[in-house]
Amino acid sequence: MSKPDQGGASGGSILQFAPFQSSVDEGFWHRLSFLKLNKFGIDDSPISIAGFYAPCSHSQVSNHMTLIAESLPSNESGSDESSIQVISNRNRCAVPGILYNTNTLEAYHALDKKNMLKKEADKIWDDIRSGKALEDCALLSRFLLISFADLKKWSFHYWFAFPALVLDPPVTVVDLKPASQWFNSDEAESLSAACNDWRNSTLTSGVPFFLVCFDSNSRATIKHLKEWEACHGDGQKVLFGFYDPCHLPHNPGWPLRNFLSLICSRWNLKTVRFLCYRENRGFADLGLSLVGEAIITHPQGWIDLQCAPNAVGWELNRGRQISRVINLSKSMDPTRLAVSAADLNLKLMRWRALPSLNLDKLFSIKCLLIGAGTLGCQVARMLMAWGVRRITLLDNGRVAMSNPLRQSLYTLEDCLNGGEFKAIAAVNSLKRIFPAVEAESVVMAIPMPGHPVSSQEEESVLEDCRRLHELVDSHDAVFLLTDTRESRWLPSLLSANANKITITAALGFDSFLVMRHGSGPLSSTHDLEAEAKIALSAAMDNLAVADRERQRLGCYFCNDVVAPTDSTANRTLDQQCTVTRPGLAPIASSLAVELFVSILHHPDGIFAQGDIVNSSYSESSEQALGILPHQIRGSLHQFSQMTLVGHASNSCTACSGTVISEYRKSGREFLLQAINHPTYLEDITGLTELMKSTSSFQLDWDNETDDDDFVEL
């Protein structure tokens, strides 16, 4: 604050005003950051805001013009004056302001501050000349704020201006002294009571400029400015009062400057007696309040409506005309700071590249990752990068010495003493990376067809089936990231049964498959009983019909002609472990998550048909995130990638209506049969008959080698 000259104590001194001081609550910057990211984007139009101040309430401390979270708009419009509700009460008088928040620091420094101040001062002058300031006297204290919000560093550059019209020649003051010395005891008592009533009334507590009228009996009343003619005509003694935020004993506060301009312009008064109203503990304090008599020489040219006066008012920073900067990163909770930083990239996407990005959906969706190995670690990281916070990792393996180099969530410490369970170690790592993640671990084995169990193990296996059923039901999306084909069977069945978004990623040595499963057979208009009764020949014919676009998309098992079985038996070490090119898992994992996010943003969601690159279908239906393929197959050997579509098979061992129906009907018995008898699934789905009918043909099926999450040595 610039220190005013100590004038005004004797007659005829030039009246010196104590400048306004600003104070910005942290909540204002947090609210501005939210609006900038979520509403305004790159729109740098002026924003209507509200500032608050109150009469000085302490003999040693002035009140400031304060901005809080409520100072900013609360609705979506945000850029016009009607978008903010200016709420006054006894503890704060609201005044209108304008915020110019720039997109770059260079733009902030390049602002034409002289012209901006003149523009706001002209508004005050127009309000005075039109009479609008008499109806709403808070307009006399209009203010201006320019800022630049560096949301990467949580640093804010800002500068206030409190426009004040310049009276030339300047105002002189005589006999400025405490109000208690101006009035006799009756007047002082009546004035104090009248001021307290004015301040306590909900209708007038936020009116900062007023008239103090004394009748012939020394009784004081407080009235609105627009009642000046009536008071003056009655011959009453009138003072012009205002809420004075300043505590200094020889200087009135900044609001008096524009108040005197209004008095001079509207009523052409040469002598003005004013009351600087101040308080102590919420009540009028006439010992702290000041009364003075101002002598005004009418400035030349004010009669000309086109001649607006000059203005001053940029706030000084430690006595210099420079802006201020505040950094909130050190005062913020680290977790909150991490959340803000993590969300920044996503929210910036909505400014230009992806306005339709649904962050609420990403923040709330709950994902189940089955497998916490090379694929599972990468998928978890990519999900967090997209804003997914609710992640459950399921795995039964332990971290081995060979894992940390390829599996990004583990370190050497996780391998010691036999190795920590992967699911637990992965969750701990996610929380260290991003404390706000709601990650959970589940350590359990997945029951698999072709891996028969003894009668003593049946209850334990069935309990695992029940737990997995509950996990799938309680999540919104399932990622199949396990190491064997058969470990994906039960999760695929359960996902089809519950109609969950399901993503599969599988690796070969230098090839990969990423695919989304179609909807479950009971989730659409599909007739389950009709599907179960369709003959094998009819099913084969359906592959060639032109109306395939209305069919369900297939799952991971829909192209199989054999049931999943034990794929690890009688295999050498290189066949049991994952032997893949190191770059393959990150590529497949990233594509799996991108495919998942595209599903969330497609209007048809899980029911969306599969797009193919360069197809006329995809070109005519491209969404904000691009095409939505069914399958993505890639090869590092040729550095190639292609999209494919495969429709649901009526003989699928995982998602066909027959299998889902049997699971719902028989439950425990069905699962035990599928686990213990390799041909059971083939028999009930018709694959046995299919193989018989095609025994004269030699079929060559290419099976993927999968990730190593459950059987790595």
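Residues numbered from 1 in each chain as written. Predicted model: local features only at pLDDT ≥ 70, side-chain atom pairs only at ≥ 80, totals over all residues. Heavy atoms only, no water.

1. Considering the overall build of the chain
Now for step 1: Secondary structure assignment for the chain yields 22 helices and 25 strands.
Now for step 2: Taking all 713 residues of the chain together, the buried fraction comes to 53%.
Now for step 3: Sequence separation of 24 or more characterises 75% of the internal contacts of the chain that already satisfy a separation of 6 or more.
Now for step 4: Summing over all exposed atoms, the chain offers an accessible surface of approximately 31800 Å²; the carbon and sulfur share of this is 50%. (Helix = DSSP H or I, 4+ residues; strand = E, 2+ residues; numbered from the N terminus. Buried < 20%, exposed > 50% of the residue type's maximum accessible area, 1.4 Å probe, protein only. Contact = heavy atoms within 4.5 Å. Areas by Shrake-Rupley, 256 points an atom, 1.4 Å probe, with all protein chains shown as cover.)

2. Details of the sheet that holds strand S19 (residues 390-395)
Each strand in a sheet pairs with another by means of backbone hydrogen bonds, the pair being arranged parallel or else antiparallel.
Now for step 1: In space, the eight strands of this open sheet follow the order S20-S19-S18-S21-S22-S23-S24-S25, with mixed pairing throughout. Strands at the two margins of the open sheet, each flanked by one partner only, are strand S20 (438-443) and strand S25 (640-644). Between one strand axis and the next, the sheet turns through 15° on average, direction left out of account.
Now for step 2: Pairing of strand S22 (residues 501-507) with strand S23 (residues 511-516), which is carried by five bridges, proceeds in the antiparallel orientation. Looking at the pairing, Thr504 lines up with Met515 of S23.
Now for step 3: Against the sheet, helix H12 (residues 458-474) makes contact with strand S18 (366-370), S19, S20 and strand S21 (477-480), and its axis sits at roughly 145° relative to S18, the strand it touches most. (Pairing = 2+ DSSP bridges. Axes fitted to C-alpha atoms, helices over the stretch in contact; angles between N-to-C directions.)

3. Remarks on the pattern of salt bridges
Now for step 1: Following the criterion strictly, the structure yields 19 salt bridges and no others.
Now for step 2: Across the pair Arg199 and Glu279 runs a salt bridge, and its minimum N-O distance is 2.7 Å. Taken together, the positions of Arg199 in helix H5 (residues 185-200) and Glu279 in strand S13 (residues 279-280) put the pair 80 residues apart, joining distant regions of the chain.
Now for step 3: A residue is classified by how much of its surface remains accessible, and Arg199, at 3% relative accessible area, is buried.
Now for step 4: For Arg390, the salt bridge is made with Glu438, and the minimal N-O distance between the two is 4.0 Å. With Arg390 in strand S19 and Glu438 in strand S20, this residue pair connects regions lying 48 residues apart in the sequence. (Salt bridge = Lys/Arg side-chain N within 4 Å of Asp/Glu carboxyl O.)

4. With respect to helix H17 (residues 584-601)
Now for step 1: Here H17 is 18 residues long and its end C-alpha atoms lie 26 Å apart, about the 26 Å a rise of 1.5 Å per residue gives.
Now for step 2: Summarising burial for H17: 13 of the 18 residues are buried, a large majority. (Expected span 1.5 Å × (residues − 1).)

5. Quick notes on the nonpolar core
Now for step 1: Core analysis: the biggest nonpolar cluster contains 91 residues, and Leu191 and Leu260 have the highest contact counts within it.
Now for step 2: Counting residues per element, this core draws most heavily on helix H7 (residues 255-267), which supplies seven residues.
Now for step 3: Once residues within four sequence positions are removed from consideration, Leu260 is found in contact with Leu15, Phe17, Leu167, Val171, Val272, Ala294 and Ile296.
Now for step 4: Counting residues in each nonpolar core, the second largest holds 55 residues, with Leu362, Leu409, Ala505 and Leu600 among its members. (Core = buried A, V, L, I, M, F, W, Y, C linked by side-chain atoms within 4.5 Å.)

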